[in-house]
Amino acid sequence: GAVVSQHPSRVICKSGTSVKIECRSLDFQATTMFWYRQFPKQSLMLMATSNEGSKATYEQGVEKDKFLINHASLTLSTLTVTSAHPEDSSFYICSASGGVYGTDTQYFGPGTRLTVL
Amino acid sequence: KQEVTQIPAALSVPEGENLVLNCSFTDSAIYNLQWFRQDPGKGLTSLLLIQSSQREQTSGRLNASLDKSSGRSTLYIAASQPGDSATYLCAVPLNDYKLSFGAGTTVTVRA
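Quick look at the structure, then. (Residues numbered from 1 in each chain as written. Chains lettered and ligands numbered in written order. Predicted model: local features only at pLDDT ≥ 70, side-chain atom pairs only at ≥ 80, totals over all residues. Heavy atoms only, no water.)

### Topic: the overall build of chain B
Item 1. For chain B, the helix and strand inventory stands at zero helices and 11 strands.
Item 2. Along chain B, helices (α) and strands (β) appear in the sequence β-β-β-β-β-β-β-β-β-β-β when read from the amino end.
Item 3. Taking 2.2 N^0.38 as the reference for a compact globule, 111 residues should give roughly 13 Å; the C-alpha atoms of chain B span a radius of gyration of 13 Å, in line with that estimate.
Item 4. The principal-axis extent of the C-alpha atoms belonging to chain B is close to 40 × 30 × 20 Å.
Item 5. When each of the 111 residues of chain B is scored for burial, the buried share is 44%.
Item 6. Pairs at least 24 residues apart make up 52% of the contacts formed inside chain B by residues separated by at least 6 positions. (Helix = DSSP H or I, 4+ residues; strand = E, 2+ residues; numbered from the N terminus. Rg over C-alpha atoms; globule rule 2.2 N^0.38 Å. Buried < 20%, exposed > 50% of the residue type's maximum accessible area, 1.4 Å probe, protein only. Contact = heavy atoms within 4.5 Å.)

This is the structure we're talking about:
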């Protein structure tokens, strides 16, 4: 089945620094990748949708200059949290769709826990 | 705008009891509905996907039903086990394949 990985699984950083999170589709070419964030005891909220080779589409209320998304290849998308602050601490999950698995189903990564001190 | 609601928010049952988890959605024009499992601090595992043309889908002890006209789906887990303890999320896709998630039902199965 489709496998999506994320790296790192957990990161702690100081306020004001930038953090990059990678999302990879390991066994298929993901034409579309999605980035979500999840606060404790809440559901997943979509942040942005990225298609390979084009600019990401951000959901309302998500700052595109703060959450930089790059989808440079069919197997890799990155989310960079710039000038991170404690309120950015959250669980970030990516998902991927496309390739041989079609566009109807998203396959989710294991998530990245970001803690900003 | 699609809104997805899950009731109850939390559920605790003794081992062996059957579980019934509910999901409702406001826009019945969906083309599928998906149930996921999420363990604490982990990503999502897809359990079942029901196409809009289907009434139910089964996998082992799991059975999910879909009633589009009433905007409801139910996930049944038979003979619950402590390993079933997790948060269960339902999600429906919007027109552009974006998923709209419910807040989840957190299940605790007591040994």
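Moving on, there is more to tell.
### Re the sheet that holds strand 7 (residues 62-67) of chain B
All names here are of chain B.
Item 1. Within the open sheet, the five strands sit side by side as 1-3-8-7-6. Their pairing is antiparallel. Unpaired on one side and paired on the other, strand 1 (4-7) and strand 6 (56-59) mark the two borders of the sheet. Looking at each pair of strands side by side, their axes are set apart by 15° on average, direction ignored.
Item 2. Pairing geometry for strand 1 and strand 3 (residues 19-25), over four bridges, is antiparallel. The residue bridging V4 from the neighbouring strand is F25, located in strand 3. (Pairing = 2+ DSSP bridges. Axes fitted to C-alpha atoms, helices over the stretch in contact; angles between N-to-C directions.)

### Points about the state of the cysteines
Item 1. Within this structure, the stated rule accounts for two disulfides over all chains.
Item 2. The disulfide partner of A:C23 is A:C94, and the S-S distance across this bridge is 2.0 Å. An S-S torsion of about 80° defines the bridge between A:C23 and A:C94 as right-handed. With A:C23 in strand 3 (residues 19-25) and A:C94 in strand 9 (residues 90-97), this pair connects stretches of sequence that are 71 residues apart.
Item 3. Take A:C94: its relative accessible area is 0%, and that puts it in the buried class.
Item 4. Note on cysteine connectivity: B:C23 is disulfide-linked to B:C90, with sulfurs 2.0 Å apart. Note on the B:C23 and B:C90 pair: the S-S dihedral is about 80°, so by sign convention the disulfide is right-handed. Of this pair, B:C23 sits in strand 3 while B:C90 sits in strand 9 (residues 86-93), and the two are 67 residues apart along the sequence.
Item 5. Owing to a relative accessible area of 3%, B:C23 belongs among the buried residues under this scheme.
Item 6. Judged by relative accessible area, which is 0%, B:C90 ranks as buried.
Item 7. Unpaired in terms of disulfides, A:C13 finds its nearest cysteine sulfur in A:C94, a separation of 18 Å. (Disulfide = S-S within 2.5 Å.)

### Brief notes about the interface of chain A and chain B
Item 1. Of the residues lining the interface, 18 residues belong to chain A; the matching set on chain B comes to 17 residues.
Item 2. Overall, the association of chain A and chain B removes approximately 1,400 Å² of surface from exposure, summing both partners, and the carbon and sulfur fraction of that is 55%.
Item 3. Broken down residue by residue, the surface that chain A buries against chain B is led by A:S43, A:D104 and A:F108, which jointly contribute 32%.
Item 4. At the surface where chain A touches chain B, the tally comes to one salt bridge.
Item 5. Where chain A packs against chain B, one counts four residue pairs in polar contact (both at pLDDT 80 or more).
Item 6. Mapped onto the side of chain A that touches chain B, the elements with two or more residues apiece are strand 4 (32-38), strand 5 (44-51) and strand 9 of chain A.
Item 7. The residue makeup of the side of chain A that touches chain B, split by class, is eight nonpolar, seven polar and three charged. (Buried area = accessible area lost by both parts, 1.4 Å probe. Salt bridge = Lys/Arg side-chain N within 4 Å of Asp/Glu carboxyl O. Polar contact = N/O pair within 3.5 Å; in protein donor to acceptor, adjacent residues only side chain to side chain. Nonpolar A, V, L, I, M, F, W, Y, C, P; charged D, E, K, R; others polar.)

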